[in-house]
Each structure stands twice: as structure tokens, then as C-alpha cells.
Amino acid sequence: MKRKILIIVFIGLLSLTSVVEARLRVLASYNYIADLVEKIGGDNVKVTPLAKGYKDPHYVTPRPSFIAKMRKADLLIINGGQLEIGWIPPILKKANNPRINPGNKGFLDLFSFIDGIDVPKEISRAHGDVHPDGNPHFHLDPENILIISGVIRDKLIDLDLSHKGIFTKRHKEFVEKWRKKMSEWEKALEKFSGKNVVQYHKNFDYFLKSFNMKQLGTLEPVPGIPPSTKHILEMIEVINNKGAEFIIHDVYHMKKPSRFVNRETGVKLVVLPHDVGSVDEAIDIVSLFDEIVRRLLK
Ligand SMILES: [Zn+2]
């Protein structure tokens, strides 16, 4: 009897292990990507985000554990547009996992599916510009979330055809929910349509375009370059001449320059989350947008 129970337990454990192993192992450079993969893949994928949501996405310090994770991964999904240029390529090289190398089936660059803002005719990192391929912060346009959720669904199906039905179903449910939220956000932000906005870094270009807000300028003279006194004074003059609704600042840059401009112009300073996990309220992609809208309306 004891032996029989042991055999049953053993078989049970074996089947559990095979279920776990059958799940696609997905690595996502940022939290918002991991959340989309989870929403579409559900229990059939095991997704791990690499960067922390509250840090500057341009400058991630790779940990040794990233290499171990890359060695085991079936799929690596990156934001692209050179956002990960400083940290993904070196660890990808060290991990030496051909499955997830660029050009192979287990590698997905989301930016390549997007109609980018500020995409230059000729690529250059002149003056230290950290957006040499164009603005990489495309996920803050809700329409782009629809595009990349479809791209992620297709990739999951490509790697695990046996779960095509469930991936398709979950994606459809997500899109329905997302479209409802999009009309809620559009309605809530309608009153800012056509208004001028100033940003610290160009995190929200896609968001502003999507909700028809006008970008007056940025406090960084070039993406990635801290503001000079001369540039700040010029921006203050532009704001005083043309008027602005907000100064948008992210959660990770020093707020001193934005606070100064806020004091000098009286324009409202709003700190906005840029990724899932960048503030406590942004627990997934839906609540990230909810929280951005809530802070703008506050
Ligand atoms: Zn940037």
C-alpha cells in the first residue's frame, strides 16, 4: 500500500515537472512588456522582467543573475529603439544562448513594429542623444499597446502552437478591455486637447500625441543631456510667452530643474509614472495609464 502511494506521488511529481517545463520561458526587458506577456500567455508562460520599473530605462545595471536567466530563456522580448543598447547586448553575448539572439525565433524587438516619432534619416549619437533611432518610449501611446499585444500573441503562438486557442482568447479579452479603457481615458483628457505641455525628458511624446496635447519643449536640451542654465531660462521665456498646462517630470530624474521652472512660471509640475512598477499604483499596464490620467487630472 505504502509503495503504491509512493508510486502515485512520484508519477504526480513527474507530470507536474513536465507541465512546468512545458511553459515557455520568456524574458522581458521592462515590466510593461512582462505584464502584456502575462496577460496573453497566462499560466502557459513563465515571464520574468529584467529592469526595475522605477529606474531610468536607458541606464539599467545588469546583474549576474540576468545572464543565468538568459541561458534558460526560450524568448527574449525587448522594447528596442536602442533603449536597451547599454545593457542587453553585453549580457546576451555572455549568456551565449542562440535561441534568443537577434535574428532568431526567440528574439523579439517591439520597436520594429512601431511607427516611431523623431526617427532620423541618418542615425547618429551626436551630442550624446540617447534617442538616436527615434523616440523609443512608444508604449505610452495606447494604440501602440494594441499593436504590440498582437505582435506578442503571434510570437507566443509561433513558439507554442499547442496553446494557440488560449493565447488568441486571452489576447481578444485584453483588447476588448483595453479599448474600453481607451475611450475612458480619451474622455477624461479631452479638456487638455490642444494644450501646451513641457517635459523634462521626452518620455511622453507618444502619450501627448495620442491625446492631442502639444509639446512646447523639454528641459533636457537633447535627450540624455542635463539642462544648462541658459536652456532653462530660454524654456521659461517660451512658457511665459505661450503658456503651458503642465511640466511633466518622470520618477527617476532629479526634480530640481523642473521645480525651478514651476516656481518661475507657476505652471503645474506633475510627476508621471512611465512603466509598470514605477509607482505603487501602477501594478499593470491598465493601472499605469489610469494613474497617469489620475495625476494629470488631480
Ligand atoms: Zn528616453
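Asks: Hey, could you go over the coordination of the zinc ion for me, with residue numbers and the actual values?
Replies: Around the zinc ion, the protein contributes the donor atoms His-58 (NE2), His-131 (NE2), His-137 (NE2) and His-201 (NE2), which lie 2.0 Å from the metal centre. Taken together, the 4 donor atoms coordinating the zinc ion span angles of 105 to 115 degrees at the metal, a pattern that classifies the geometry as tetrahedral. Donor residues for the zinc ion, ordered by position in the chain, follow H-x72-H-x5-H-x63-H. In this pair, His-137 sits in the loop between strand S4 (107-109) and helix H5 (142-159) while His-201 sits in the loop between strand S5 (196-199) and helix H7 (205-210), placing the two residues 64 residues apart along the sequence. In this structure His-137 comes out as buried when scored by relative accessible area, which is 3%.

Asks: If you had to explain the packing of aromatic side chains to someone new, which residues and values would you point to?
Replies: Inspection of the entire model under this criterion finds 11 aromatic pairs. Measuring from centroid to centroid gives 6.2 Å for Phe-66 and Trp-87, while their planes differ by 55 degrees, and the two rings are tilted. Of this pair, Phe-66 sits in helix H3 (residues 64-72) while Trp-87 sits in the loop between strand S3 (75-78) and helix H4 (88-95), and the two are 21 residues apart along the sequence. By the burial criterion, Phe-66 is buried, and Trp-87 matches it.

Asks: Could you give me a rundown of the nonpolar core, with the residues and numbers involved?
Replies: Ranked by size, the top nonpolar core spans 75 residues in total, and within it Tyr-32, Met-70, Leu-110, Trp-178, Phe-207, Ile-285 and Leu-296 carry the most contacts. If you count residues domain by domain, this core takes at least three from each of domain 1 (20-183) and domain 2 (189-297). Leave out the neighbours within four places in its chain, and Met-70 touches Leu-27, Leu-50, Leu-76, Ile-88, Ile-91, Leu-92, Ala-95, Asn-97 and Ile-100. Val-198, Ile-236, Ile-239 and Ile-247 belong to the second-largest nonpolar core, a separate cluster that totals 11 residues.

Asks: How would you summarise the domain arrangement of the protein if you had to cite specific residues and measurements?
Replies: Here the protein is partitioned into domain 1 (20-183) and domain 2 (189-297). Here the C-alpha centroids of domain 1 and domain 2 sit 25 Å apart. Contacts between domain 1 and domain 2 engage 34 residues on the former and 29 residues on the latter. Of the roughly 2,600 Å² buried between domain 1 and domain 2, counting both surfaces, carbon and sulfur atoms make up 63%. Area buried by domain 1 at its contact with domain 2 is led by Ile-117, Leu-140 and Trp-178, which between them contribute 23% of it. Here Asp-290 ties to Lys-181 by a salt bridge, and the two come within 3.1 Å at their closest N and O atoms. The interface formed by domain 1 and domain 2 contains 17 residue pairs in polar contact (both at pLDDT 80 or more). The set of elements that each furnish at least two residues to the side of domain 1 that touches domain 2 consists of helix H2 (31-41), H5 and helix H6 (164-189). Top contributing element to the side of domain 1 that touches domain 2 by residue count: H2, with 5 residues. For the side of domain 1 that touches domain 2, a count of residues per class yields 14 nonpolar, 11 polar and 9 charged.

How each quantity is defined
Residues numbered from 1 in each chain as written. Predicted model: local features only at pLDDT ≥ 70, side-chain atom pairs only at ≥ 80, totals over all residues. Heavy atoms only, no water. Donors = N, O, S within 2.8 Å, 3.2 Å for Na, K, Ca; no water. Tetrahedral: all angles 85-135°; square planar, octahedral: opposite > 155°, others 65-115°. Helix = DSSP H or I, 4+ residues; strand = E, 2+ residues; numbered from the N terminus. Buried < 20%, exposed > 50% of the residue type's maximum accessible area, 1.4 Å probe, protein only. Phe/Tyr/Trp six-rings, centres within 6.5 Å; stacked < 30°, edge-to-face > 60°. Core = buried A, V, L, I, M, F, W, Y, C linked by side-chain atoms within 4.5 Å. Domains from an automatic or database assignment. Contact = heavy atoms within 4.5 Å. Buried area = accessible area lost by both parts, 1.4 Å probe. Salt bridge = Lys/Arg side-chain N within 4 Å of Asp/Glu carboxyl O. Polar contact = N/O pair within 3.5 Å; in protein donor to acceptor, adjacent residues only side chain to side chain. Nonpolar A, V, L, I, M, F, W, Y, C, P; charged D, E, K, R; others polar.

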